[in-house]
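Each chain, letter by letter, is given below.
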Amino acid sequence: MNRLHRAIDLAEHKPILGAAVYFYDPIFLEMAAHLGFKAIWIEMEHAAITFAEAADLCRMAAGSGMLSMIRIADTSRNSVLKAAECGPDIIDIPMADDPGRVEEFVRYARFAPVGARGFFSVSRALKYGLVDDIHAEQQKLNQDLALLAQIESKEALSRIEEICEVDGVDIFIGPADLAASLGYPGQTSHPVVLEAAANIVRVARRHGKKIVTACGAADYIHWTRLGIDLLYTTNDIVCLRTGALSALKSAAEAIAQAAEEKSASEAAVSAGKV
C-alpha cells in the first residue's frame, strides 16, 4: 500500500484536503500545514519551480506532516526520474491521453523488476544511501510511491477504461481542461462536464483506483458527493490574490465612508446645523 493509500485509509471516508504551490514558497507551505491542509501540490507543468526547489518543498512537506505531490510536465525519462529522486509521496502526469503514455510513466518511475527506473543510490528518495540494503529500499519505494494519471481531455475520456487497466496508477481528474476539451471552457459545472467526471469516477472505482481532483469552491459539493479521496482546494497565488483584493476593497470602502462622513459633516456646518 503506497503512502497516498495509507493516508486515505486514515481519513475514514472523508476527502483529504490539499493546497498547491505554484512558486517556491516555504512560508505558504508551512502556513498551509498549520491551517490543517494534509497535502501539498508542487506545480512543475506550468510553474517555474526547479527540481532543486521541488526537493526542498518535499522536505518541508514531510517535516510538516503533509503528503507531497509533484506534477511534472511530461513522461520523459528525464522528468520522471528527477521528480522521483526528489522523494515525493506522489507524482502526477498531465494529459494522460492514452494507456501507452501511462505505461511509460510507470516504467520510468518503478525500479526493476516492475519497471526500468535508473539506479541512483544517493537520492533523497533512497535516504541518500543511508540504508542497509539499497535493493530492498528500492522495492519498498516501488510500493510507497503513488502515481497519478491526469484525465483532462475528451481523448482520455474515450480511453478511460484502458487507462484504468494500467496497474499501479491512480486517477487525477482535471476539471478545467476537461471542460475546455469537451467544448465548455470555463464551465466546470456544466452538466456534460459533471457527467463526464462521474463516468470517470465510476470506471476508476470499478478498477479499484483512488481519485484525486482540484476545483474551486463552487464545485466542492459535486466532488464531495462523488466520494473523491483527495481534493486540492486552492493555491498560493489564489490565496495572495484573494487576500490582497479583500484588503484593497476594505480599505477603499473605509476611505469612501470617511469621505461621505466628512462631506456630510461639512454640509451640516454650512447649513448652520452644527
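Residues numbered from 1 in each chain as written. Predicted model: local features only at pLDDT ≥ 70, side-chain atom pairs only at ≥ 80, totals over all residues. Heavy atoms only, no water.

Considering the packing of aromatic side chains
Ring pairs (aromatic) are described by centroid distance and by the angle formed between their planes.
Piece 1. For the structure on display, the rule yields four aromatic pairs.
Piece 2. Relative to Y232, the ring of W41 lies with its centre 5.2 Å away and its plane at 70 degrees, an arrangement referred to as edge-to-face. Of the two residues, W41 sits in strand β2 (residues 39-43) while Y232 sits in strand β8 (residues 230-235), which places them 191 residues apart along the sequence. Accessibility classification places W41 together with Y232 in one group, the buried group.
Piece 3. The interplanar angle of 15 degrees and the centroid separation of 6.4 Å between the aromatic rings of F172 and Y232 together place this pair among those described as stacked. Taken as a pair, F172 in strand β6 (residues 170-173) and Y232 in strand β8 lie far apart in primary sequence, 60 residues in all. (Phe/Tyr/Trp six-rings, centres within 6.5 Å; stacked < 30°, edge-to-face > 60°. Helix = DSSP H or I, 4+ residues; strand = E, 2+ residues; numbered from the N terminus. Buried < 20%, exposed > 50% of the residue type's maximum accessible area, 1.4 Å probe, protein only.)

A closer look at the nonpolar core
One broad rule of soluble globular proteins: the nonpolar side chains tend to lie buried together.
Piece 1. Judged by nonpolar contacts, the single largest core of 56 residues is most densely connected at I40, I42, I70 and I171.
Piece 2. Top element by residues in this core is helix α10 (residues 191-206). It accounts for six residues.
Piece 3. By size, the runner-up hydrophobic cluster in this structure holds 16 residues, among which are I16, W41, V212 and A214. (Core = buried A, V, L, I, M, F, W, Y, C linked by side-chain atoms within 4.5 Å.)

Description of the pairing of β6
Piece 1. Because side chains alternate across β6, one face comprises the buried residues D170 and F172, and the other comprises I171 and I173, equally buried.
Piece 2. Pairing analysis gives four bridges linking strand β5 (residues 146-151) to β6, with the strands arranged parallel. In the strand pairing of β6, Q150 is matched with F172.
Piece 3. Pairing of β6 with strand β7 (residues 211-214), which is carried by three bridges, proceeds in the parallel orientation. Each bridged residue has a counterpart across the sheet, and for F172 the counterpart in β7 is V212. (Pairing = 2+ DSSP bridges.)

Things to note about the pattern of salt bridges
Piece 1. Following the criterion strictly, the structure yields 13 salt bridges and no others.
Piece 2. Here R71 makes a salt bridge to E43, at a shortest N to O gap of 2.8 Å. Here R71 is found in strand β3 (residues 67-71), whereas its partner E43 is found in strand β2, with 28 residues between them in sequence. Taken individually, R71 and E43 each receive the classification buried, so the pair is uniform in this respect.
Piece 3. Notably, a salt bridge pairs D144 with K140, separated by 2.6 Å at the nearest N-O pair. Of this pair, D144 and K140 are both found in helix α6 (residues 134-144), four residues apart, which corresponds to roughly one turn of the helix.
Piece 4. Residues joined in a network through salt bridges with shared partners are R3, R6, D89, K140 and D144. (Salt bridge = Lys/Arg side-chain N within 4 Å of Asp/Glu carboxyl O.)

Observations concerning helix α3 (residues 51-63)
Piece 1. Here α3 contains 13 residues, and its C-alpha end-to-end distance of 18 Å stays within 8% of the 18 Å for a straight helix at 1.5 Å per residue.
Piece 2. By the burial criterion, the buried members of α3 are A54, A55, L57, C58 and A61. All buried residues of α3 lie within an arc of 160 degrees about the axis, which places them on one face of the element. Exposed residues on α3 whose side chains face more than 90 degrees from its buried face are A52 and G63.
Piece 3. Structurally, α3 contributes buried residues whose contacts are with β1 (16-21), α2 (26-35), β2 and β3.
Piece 4. Phi turns positive one or two residues past the end of α3, at G65, with a value near 80 degrees. (Expected span 1.5 Å × (residues − 1). Arc of directions from axis to C-beta. Contact = heavy atoms within 4.5 Å.)

Regarding the side chain of K210
Piece 1. Examined against the element boundaries, K210 turns out to sit in the loop between α10 and β7.
Piece 2. No salt bridge is formed by the buried K210; its nearest oppositely charged neighbour, D9, is found at 4.6 Å.
Piece 3. Ignoring sequence-local partners within four residues, the contact set of K210 consists of H5, I8, D170, I171, R205 and D229. (Lys, Arg positive; Asp, Glu negative; His and termini not counted.)

Brief notes about a nonpolar patch on the surface
Piece 1. A contiguous nonpolar surface patch, about 260 Å² in accessible area, is contributed by F23, I237 and L240.
Piece 2. For I237, the position within the fold is in helix α12 (residues 236-270). (Patch = residues over 30% accessible without salt bridge, like charges linked within 9 Å, V, L, I, M, F, W, Y side chains within 5 Å. Areas by Shrake-Rupley, 256 points an atom, 1.4 Å probe, with all protein chains shown as cover.)

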